[in-house]
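Structural characterization, general
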Amino acid sequence: MSSFHQYVQQQIVEICNEFGLDAKSEYRGKGWIADIMVQCNEVKYAFEIQTSPQTLKRTIERQAKYKRDGIVGCWLFEKEPAKMRLEMEDLPVFQIENKGGNIFVSLKGRKTLPLKFFIHDFVNGRIRFCRTLNPLPYLEVKFMEMDCWKCGAVNHIHYVQTMSACNTRIYPYEEMWSSTNRYSLKPEILKKIRDFANSEEGSHLNPALSVTAFSETGLWNRW
C-alpha cells in the first residue's frame, strides 16, 4: 500500500467522522476487503482507493461482489483503467489528484470537487448517473468550413465555445482542439445541430457529425 493510498484513506475516514458517520478501514466481507466502509441513510458505501494499476475487467469483478452484497462501491483511481472509455451506471469510477496535500476528485472533466465535498455529495445521492448533462451550461456552437480531402465537398465542422467565470469567451481554438472539450460530442448538442441544419435558417450547412459520438451511454454528474 502506497503512502498516497494511506493518506487518502485516512482523509476519507476523518471526513466521514466529521460528518458523524462511522467509517471503518480495511473492512472485511464475503470475498472482499473494502478500503473504507461507511453507512449513510441506511445505505452502505465501500470506497476503494486505487493508486496501483488495475484493469477494467478486474474492477468490474470486484464491483460485482459489492453489488451482490447490496453495497454501493465507489472507485477513486489515481489513474483510471486504460479501457475505461465510457462511463457506466453500475461502476462509479472517478479520478483523484493530490494538489499540495489537498485531494480533489474529477467528475470526468466536467467538475472537480475537493474530497470532502465529493464524499458528502456522494453518500447523500447528489452525484448520480444520468443520460444527459442536466442542466446544460450556456454554450455557443460555432461552425467553420472544411473541404473533404477525398471528394472536395464543403463540410461544416463545429466546436463549442463556453464562457469563463468573468463572462469572457474562452479562446476559440483552445475550445476547438482541446481533447477535454466533450460538450461538442454530447448527443443533445448533435441533435440540435441536426435540427438546425434541417431548418430553413440552417439549410446552408452540411454538418460533419461523428457517428461515434452517439455511443456514449451516460455520465456521472453532480446535482
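The structure under discussion appears in the preceding block.
Now for a look at the structure at hand. (Residues numbered from 1 in each chain as written. Predicted model: local features only at pLDDT ≥ 70, side-chain atom pairs only at ≥ 80, totals over all residues. Heavy atoms only, no water.)

1. Focus: unusual backbone geometry
Glycine aside, negative phi is the norm for most residues, and most peptide bonds take the trans geometry. With a phi angle near 50°, Glu26 is a residue other than glycine that sits in the positive phi range. Among the secondary structure elements, Glu26 is positioned in strand β1 (residues 23–28). Residue Glu26 is classed as partly exposed on the basis of its relative accessible area of 36%. If you check the backbone angles, Glu42 has positive phi at about 70° while not being a glycine. (Helix = DSSP H or I, 4+ residues; strand = E, 2+ residues; numbered from the N terminus. Buried < 20%, exposed > 50% of the residue type's maximum accessible area, 1.4 Å probe, protein only.)

2. Section: the sheet that holds β1
Taking strand neighbours across the sheet as the criterion, the seven strands line up as β1-β2-β3-β4-β5-β6-β7 in an open arrangement whose pairing is mixed. Edge positions in the sheet fall to β1 and β7 (112–114), since each of these pairs with one other strand and no more. Taken pair by pair, the neighbouring strands of this sheet meet at an average axis angle of 35°, ignoring direction. Sheet topology places strand β5 (residues 93–99) next to strand β6 (residues 102–106); five bridges connect them, and they run antiparallel. Directly across from Gln95, in β6, lies its bridge partner Ser106. Across the sheet, helix α2 (residues 56–68) is in contact with β2 (33–40), β3 (43–50) and β4 (72–77); its angle to β4 comes to roughly 150°. (Pairing = 2+ DSSP bridges. Axes fitted to C-alpha atoms, helices over the stretch in contact; angles between N-to-C directions. Contact = heavy atoms within 4.5 Å.)

3. What about the pairing of β1?
Pairing of β1 with β2 involves five bridges; the strand directions are antiparallel. Along β2, the bridge assignment pairs Ser25 with Ile36. Hairpin connection between β1 and β2: a loop of four residues separates the two successive antiparallel strands, and Gly31 in this loop has a positive phi of roughly 85°.

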